[in-house]
There are 4 protein chains.
Amino acid sequence: MDKIKAGIIGATGYAGQELVRILLGHPMCELVSVCSRSYAGKPYSEVYSNYSHLDYICEEDDIEALADKCDVIFLALPHGVTSQRVNEGILSKCKIIDLGADFRLQDVEVYESWYTEHHSKDILKEAVYGLCELNRDKIKGKRIIGNPGCYTTCSILSLYPLVKEGLIDNKSIIIDAKSGATGAGRGLSLGNHYCELNESVKAYKVANHRHTPEIEEQLSYAAGEKIVLSFTPHLMPMDRGILATCYATVKEGVTYEDMEKAYKKYYENEYFIRLCAKGSFPETKWVKGSNFVDIGFTVDERTKRAIVIGAIDNLYKGAAGQAVQNMNILFDIDERTGINAVPIFPA
Amino acid sequence: MDKIKAGIIGATGYAGQELVRILLGHPMCELVSVCSRSYAGKPYSEVYSNYSHLDYICEEDDIEALADKCDVIFLALPHGVTSQRVNEGILSKCKIIDLGADFRLQDVEVYESWYTEHHSKDILKEAVYGLCELNRDKIKGKRIIGNPGCYTTCSILSLYPLVKEGLIDNKSIIIDAKSGATGAGRGLSLGNHYCELNESVKAYKVANHRHTPEIEEQLSYAAGEKIVLSFTPHLMPMDRGILATCYATVKEGVTYEDMEKAYKKYYENEYFIRLCAKGSFPETKWVKGSNFVDIGFTVDERTKRAIVIGAIDNLYKGAAGQAVQNMNILFDIDERTGINAVPIFPA
Amino acid sequence: MDKIKAGIIGATGYAGQELVRILLGHPMCELVSVCSRSYAGKPYSEVYSNYSHLDYICEEDDIEALADKCDVIFLALPHGVTSQRVNEGILSKCKIIDLGADFRLQDVEVYESWYTEHHSKDILKEAVYGLCELNRDKIKGKRIIGNPGCYTTCSILSLYPLVKEGLIDNKSIIIDAKSGATGAGRGLSLGNHYCELNESVKAYKVANHRHTPEIEEQLSYAAGEKIVLSFTPHLMPMDRGILATCYATVKEGVTYEDMEKAYKKYYENEYFIRLCAKGSFPETKWVKGSNFVDIGFTVDERTKRAIVIGAIDNLYKGAAGQAVQNMNILFDIDERTGINAVPIFPA
Amino acid sequence: MDKIKAGIIGATGYAGQELVRILLGHPMCELVSVCSRSYAGKPYSEVYSNYSHLDYICEEDDIEALADKCDVIFLALPHGVTSQRVNEGILSKCKIIDLGADFRLQDVEVYESWYTEHHSKDILKEAVYGLCELNRDKIKGKRIIGNPGCYTTCSILSLYPLVKEGLIDNKSIIIDAKSGATGAGRGLSLGNHYCELNESVKAYKVANHRHTPEIEEQLSYAAGEKIVLSFTPHLMPMDRGILATCYATVKEGVTYEDMEKAYKKYYENEYFIRLCAKGSFPETKWVKGSNFVDIGFTVDERTKRAIVIGAIDNLYKGAAGQAVQNMNILFDIDERTGINAVPIFPA
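Criteria and cut-off values
Residues numbered from 1 in each chain as written. Chains lettered and ligands numbered in written order. Predicted model: local features only at pLDDT ≥ 70, side-chain atom pairs only at ≥ 80, totals over all residues. Helix = DSSP H or I, 4+ residues; strand = E, 2+ residues; numbered from the N terminus. Rg over C-alpha atoms; globule rule 2.2 N^0.38 Å. Buried ≥ 20, exposed ≤ 12 C-beta atoms within 10 Å, placed from the backbone. Contact = placed C-beta atoms within 7 Å. Least-squares fit on C-alpha atoms with pLDDT ≥ 70 in both. Domains from an automatic or database assignment. Nonpolar A, V, L, I, M, F, W, Y, C, P; charged D, E, K, R; others polar. Pairing = 2+ DSSP bridges. Axes fitted to C-alpha atoms, helices over the stretch in contact; angles between N-to-C directions. Parallel < 35°, antiparallel > 145°, perpendicular 65-115°, else oblique. Expected span 1.5 Å × (residues − 1). Left-handed = near helix turned anticlockwise from the far one by under 90°. Right-handed = clockwise from strand over helix to strand, strands pointing away. pLDDT = per-residue confidence, 0-100.

Chemist: An account of the overall build of chain A is needed here, citing residue identities and associated values.
Modeler: Of regular secondary structure, chain A possesses 13 helices and 13 strands. Since a compact globule built from 347 residues should have a radius of gyration of about 20 Å, the 20 Å found for chain A is in line with a globular shape. Here the C-alpha coordinates of chain A stretch approximately 60 × 45 × 40 Å along the principal axes. Across the 347 residues in chain A, those meeting the buried criterion constitute 62%. Across chain A, the fraction of contacts at a sequence separation of at least 24, relative to all contacts at a separation of at least 6, is 72%.

Chemist: I'd like to hear about the relation of the copies chain B and chain A, residue by residue, with values.
Modeler: Once chain B is rotated about the relating axis by 180 degrees and shifted along it by 0.0 Å, it coincides with chain A to within an RMSD of 0.0 Å. Both copies of the chain, as the preceding transformation shows, are related through a two-fold rotation axis. Considering only C-alpha atoms, the part of chain B nearest the rotation axis is P237 of chain B, at 3.3 Å.

Chemist: An account of the domain arrangement of chain A is requested, with residue identities and associated values reported.
Modeler: By a frequent convention, interface size equals the accessible area lost on bringing the separate parts together. All names here are of chain A. Taken domain by domain, chain A holds domain 1 (4–148 + 316–330) and domain 2 (151–312). Just the C-alpha atoms count here: the centres of domain 1 and domain 2 sit 25 Å apart. Across the contact, 21 residues belong to domain 1 and 24 residues belong to domain 2. A total of 6 residues in the side of domain 1 that touches domain 2 trace back to one element, the largest contributor, which is helix α13 (residues 316–330). Counted by class, the side of domain 1 that touches domain 2 contains 11 nonpolar, 6 polar and 4 charged residues.

Chemist: Describe the sheet that holds strand β5 (residues 128–129) of chain B, with residues and values.
Modeler: Residue and element names in this part refer to chain B. Strand order in the open sheet formed by 6 strands is β2-β1-β3-β4-β6-β5, with parallel pairing between adjacent strands. At either margin of the open sheet sits one strand with a lone partner, and together these are β2 (29–35) and β5. Of the strand pairs in this sheet, strand β3 (residues 72–75) and strand β4 (residues 95–98) are connected by 4 bridges, and their pairing is parallel. Within β4, the position partnered with V72 by the bridge is K95. Against the sheet, helix α1 (residues 14–24) engages β1 (4–9), β2 and β3, with an angle of about 155 degrees to β2.

Chemist: Could you give an account of the environment of Y266 of chain B, naming the residues involved and the relevant values?
Modeler: All names here are of chain B. Mapping Y266 onto the fold places it in helix α12 (residues 256–267). Assessed through the 17 C-beta atoms surrounding it within 10 Å, Y266 is described here as partly exposed. Distance in space between the C-alpha atoms of Y266 and L157 is 9.9 Å, their sequence separation being 109 residues. For Y266, the contacting residues outside a window of four places in its chain are Y160, P161 and K164.

Chemist: Please set out unusual backbone geometry residue by residue, giving values where relevant.
Modeler: A cis amide bond links F345 of chain A to the next residue, P346 of chain A, at an omega of -15 degrees. Note that P346 of chain A resides in the segment after α13. The phi torsion at A207 of chain A lies on the positive side, around 65 degrees, for a residue other than glycine. Here the phi dihedral of E199 of chain D falls at roughly 60 degrees; this positive angle occurs in a residue that is not glycine.

Chemist: Tell me about the sheet that holds strand β11 (residues 273–275) of chain D, and name the residues and values.
Modeler: Residue and element names in this part refer to chain D. In spatial order, the strands read β8-β9-β7-β10-β13-β12-β11; together these 7 strands make up an open sheet with mixed pairing. Across the chains shown, the open sheet's two edge strands, defined by having one partner strand only, are β8 (202–203) and β11. Examined bridge by bridge, strand β7 (residues 174–179) and strand β9 (residues 230–235) share 6 bridges and lie parallel to one another. Residue pairing for β9: K178 is matched across the bridge by H234.

Chemist: Could you give an account of the packing of helix α9 (residues 150–164) of chain D against helix α13 (residues 316–330) of chain D, with specific residues and numbers?
Modeler: All names here are of chain D. Running from N to C, α9 and α13 cross one another at 100 degrees; their axes reach a closest spacing of 8 Å. It follows from the interaxial angle that α9 and α13 lie roughly perpendicular. Contacts between α9 and α13 involve C150, T153 and C154 from the former and K317, G318, A319 and Q322 from the latter. When grouped by side-chain class, the residues that make up the contact of α9 with α13 number 3 nonpolar, 3 polar and 1 charged.

Chemist: Pulling in residues and values, what's your account of the interface of chain B and chain A?
Modeler: At the junction of the two partners, chain B supplies 38 residues and chain A supplies 37 residues. For the side of chain B that touches chain A, the secondary structure elements donating two or more residues are β7 (174–179), α10 (194–197), β8 (202–203), β9 (230–235), β10 (242–249), β12 (293–300) and β13 (305–312) of chain B. A class-by-class count of the residues in the side of chain B that touches chain A yields 18 nonpolar, 9 polar and 11 charged.

Chemist: Explain helix α11 (residues 211–223) of chain A to me, and be specific about the residues and the numbers.
Modeler: Residues and elements named next belong to chain A. Under the 1.5 Å per step criterion, the end-to-end length of α11 is 18 Å for 13 residues, consistent within 8% with the ideal 18 Å. Where burial is concerned, most of α11 is hidden: 10 out of the 13 residues are buried. Of the residues making up α11, those classed as buried are H211, T212, P213, E214, I215, E216, E217, Q218, L219 and A222. On its buried face, α11 sits against α6 (108–114), β5 (128–129), α9 (150–164), β7 (174–179) and β9 (230–235). Where α11 ends, the next residue or the one after it, G224, has phi of about 75 degrees, a positive value.

Chemist: Describe in detail the packing of α9 of chain A against α11 of chain A, supporting the description with residues and values.
Modeler: All names here are of chain A. Where α9 meets α11, the axes come as close as 9 Å, and the angle between the chain directions of the two elements is 25 degrees. It follows from the interaxial angle that α9 and α11 lie roughly parallel. Where α9 crosses over α11, the two elements pack in a sense that is right-handed. Here Y151, T152, S155, I156, L159, Y160, V163 and K164 of α9 lie close against α11, whose contacting residues are H211, E214, I215, Q218, L219, A222 and A223. Here the contact of α9 with α11 is built from residues that sort into 9 nonpolar, 4 polar and 2 charged.

Chemist: Could you give me a rundown of the pairing of strand β1 (residues 4–9) of chain D, with the residues and numbers involved?
Modeler: All names here are of chain D. Along β1, 5 of the 6 residues are buried, which leaves the element largely enclosed by surrounding structure. Pairing of β1 with strand β2 (residues 29–35) involves 6 bridges; the strand directions are parallel. Bridged to A6 within β2 is L31. Handedness of the crossover joining β1 and β2 through helix α1 (residues 14–24): right-handed. With 4 bridges joining them, β1 and strand β3 (residues 72–75) adopt parallel strand pairing. The partner of G7 across the bridge, within β3, is I73.

Chemist: Hey, could you go over the interface of chain A and chain D for me, with residue numbers and the actual values?
Modeler: With 26 residues of chain A at the interface, the matching set in chain D holds 26 residues. Per-element tally for the side of chain A that touches chain D: the top contributor is helix α1 (residues 14–24) of chain A, with 3 residues. Considered class by class, the residues forming the side of chain A that touches chain D number 13 nonpolar, 7 polar and 6 charged.

Chemist: So what's going on with the environment of T152 of chain B? Residues and values would help.
Modeler: Residues and elements named next belong to chain B. Mapped onto the secondary structure, T152 falls in helix α9 (residues 150–164). Sequence separation between T152 and Q218 is 66 residues; the distance between their C-alpha atoms is 9.1 Å. With sequence-adjacent residues up to four places away left out, T152 is seen in contact with H211, E214 and I215.

Chemist: Outline the confidence of the model for chain A, listing residues and values.
Modeler: In the predicted model, chain A carries a mean pLDDT of 97, and the fraction of residues at 70 or more is 100%. Reported confidence for the predicted complex is 0.97 by ipTM and 0.98 by pTM.

Chemist: Provide a residue-level description of helix α8 (residues 132–139) of chain B, including the pertinent values.
Modeler: Residues and elements named next belong to chain B. For α8, the set of buried residues is C132, E133, L134 and I139. Elements in contact with the buried residues of α8: β5, β6 (144–146), α9, β11 (273–275) and α13 (316–330). Downstream of α8 by a residue or two, G141 has a phi angle that is positive, lying close to 85 degrees.

This is the structure in structure tokens:
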């Protein structure tokens, strides 16, 4: 089989760079083009010195030209931009995997109330939400994938079996999430200045983070009813990793064994989902640099609440790794190809 | 006025050391004796080199001898130990401020179900829970104080006004807490080995942390009814600080303004409690090295949940600082004496 | 005695803020004015939330107005700026302590070759280099002090006794220094973006850091001959602290005991200098949040080199703390007043 | 070609674990056996949860049994142990790559003066020092390799061209090295307790670190004369990475261009050595999780000193990665196989 020809637009953000790194190690993919408007013409290794043994040059992000030479284009751009770039002509030539927010929410109204005007409403209709473990079958054969957000990947996968199996009160869901600083990107801000972020923890965007509707939409599909939930992200003094601590009241009589059965039903054969043993819970370090999702759960008998904790690497399974997993599904190769690394530790 | 003569038993743990540091800067207190069974006879500066300009020697922790020469003894010992050491004879000679767990819970049964056998049940009856802002009047004149735990100080103060004023559904309380590694003490363990804790986040003691009943007991007093709640502690890759993110469903019609009124009612004149402006939330860095408690709150109109976030320095307001605050109250001097430092930043 | 009235120009940088913090705890000083051109009119607590219990408002940095109401003005401004602001009129009204570089180097030519044009050459002549332990007597009674740099304070104090006593080959001095990120200030840059600095170490300004001539000038005074040396700063993934590892070939026959004698001769009675026991060396954590300088030294018999290691808190003894120490000397009060804190640990 | 069958003795230390991780991703190697005396019988994933998707069980470290089923055995054991285990019988069956210190130093007397008694002096004679870039030709065909230490790999490669080409005064070499905490291993100690190591920097084993004679022996070979040098290791608050800042007086007239020529002569075609552009210097983050060595250099014209800075990942090129590089050379496959990862960033 010929190698899949891939291009990346927005290759100089943290997620874009992680994608470059993963694709360079992918045995069935050729990275054809690394694009960045801001750095066009500059060696990629000037932007990221970990690539100083390689010769990639940042190119202008001409999506039309890219579509002619690529089988798949990954976009890692600010929301509202991708939906202006993608069109039928491009989709007729190559697959699109969007790491941004524009093709994640199916409900345009919800998108526009949390983000901005959507410029490709027709295309949105055919886009699939690329949460691979849940939507694998829908992804196959599609032309455009909305790659899930980092918090959402972790949160949805953590709660899906409970919601799908009707084990919890859907009105009682609270997600308290913790993320490393790569989630905030490479753009300079006082909040991400070393001495301001180091040795401290804070919540941010309390009650209004844009990943909320994405989690709600997907869990609502699973529940068969509209779910509204609380989502609070926190910033941790570390580079990578998301931990989502999820709370929900269990329905009368639901036991740990019921939960375990549900998690096994959906995830037992999922390579990238690792369920913790009873009494164990995940730590972000055990998934760092990998596509794994670790999930631990219990029922607190005192409060009748399920507590489910999920952990991912936000740049890997939460962005670039899952994007490649989507590519693997789209091109019908082993889903694990190129993203099968054991987590790196200590790191 | 003569200086208050103070002794510390258990001076070589992190909380004990913070107490030494604070008392050395206290203008109305003389640190008479620094005791440590493990290091008896050794210079304190060999245990903690930040004291290398001083001449303290660790002494045997002979509480009887200490009671003869001190006005107040601070104990920072493992639970179950203090309750075996304190007796009427000692209490007749000097004040006791216990930084451990033995005199925090009023309900002996609850204590014994979460900890171990209690050896001073009679003395427990006269002990006061030293959460200064709430129990100031009860503390005055007492002989023995149970100094609150770190998580509990932060959690109770964050939720008290809402519970006391009846603004929330008391069955809906969830506290998701994050702590720096000093909370785990100086004892060696793999989980606190640098490379194992660094760059990672995890929950621990999920659904069974011993600070849970302490929070429940105090909030139950405030509510006038028994409260059972969820409390999940997390370990952060940083030295100091606790952030408690608290969730509770508000009663029908409760607004942000109602909440604000409640917080101002109880805290407006509290020097050590700083309420965040609307839309702002605390960060642990802003209270580091200080006795301050920063609290921010909102109502999420989508979910009808109150979200309250509190931040403290776990070693200061969460341990040694509050212990000194208790001493100040007991000896009827300005409550802020010696613990009035502006938080240190960046640090 | 009336309190010393102090004003700060450039109060919103990290060094300026540390100065605010220290002066607020100084029992014999009143902080009259906190100035910042960038934030004029804003509450200081909006710039630094650790001050949210206080009411300071950032003022325009009008040095003339300040001179009328202050006994001392601290300036924490970029180099080249202070030398344009200070003049005879101001000096006739109040003392000036400059935390910047403009009044540190006595040799104008050296200053201009490493920095920029100097605008107060006459005033420079009366300025004293405020390295308190070495220049205490010269500082007394002066009108203007050039407060030393952070690297320089640590480096000069580490090497001074060896140079002064002629124990080393002055041509062989190499200083390999390591600093926390506060040394780079609060200005945004990619190099100080959290994820870029965290978990990494690098050298910077190799062979051309501006603290080099400052160290050379002072050590040359001590040596009575011109010293040229190597100075290499490194950036550490931590907030505070400088460690200077100094190497120099000892003169024939020089032993550890000779070195010890020299260090004791100059430092035994210096409160803020703590000499490590034989075989011990400093760590930055033991001086954090304090004005102490810890110094350890040895002779490597294999290479006949002296190795001297000094540690300071770069914002405290390396900037604001020493500035206050200079103020104490200028106003003839106990040098330790207000800067006598035990180092904070763990933090 | 059949896959190389590999076993690891001492697989549960940090270097052993990194080796497991790398070998699992090596396309031409089969990891046959993972041995650990302390954890024999336990799932490897209980020791390191990043392996929770795999089924390796720790085995007894029976080197005789291992020799029968393996083509190569890696040993990651404390010094003095390996030299007691290896014997002619084992060497007749399989290759040995020792990550410990026992087969690094050729001079037994030096070994015994820095370490302990050597138990395999005969075997030591045939052992090759596995610094691949310098000893590639000697490694081929050998039976036993002493895999270099982490500090030594970085230090020797940084200085080799200057020494070999005679550009510096060999008596003037000073190496000031900085390492992340993984270098200290997984064994518990107060110095590696999170809160003790975090946010601080210190030197350790000043003038007596055991990597000193290893660097000296190799550089002496290059120089053709005995070299004695200064080596000072420092512990950084980070997980991985070594930065070696090397100083040496250049011989009269030696310029940057001379140095550049020397570095290019030896390293231009070395895949894993990346020379920094003029004026640039390495940072440990750019080599993390990779086998690369980044080297930058300059001449300080003021002091006539060469400053050379090298960076490696101590667990990768400094231990497990180089061990695999040695395996690749021994088995005559492309040296880069399985260790060709782009450095992971940010991490």
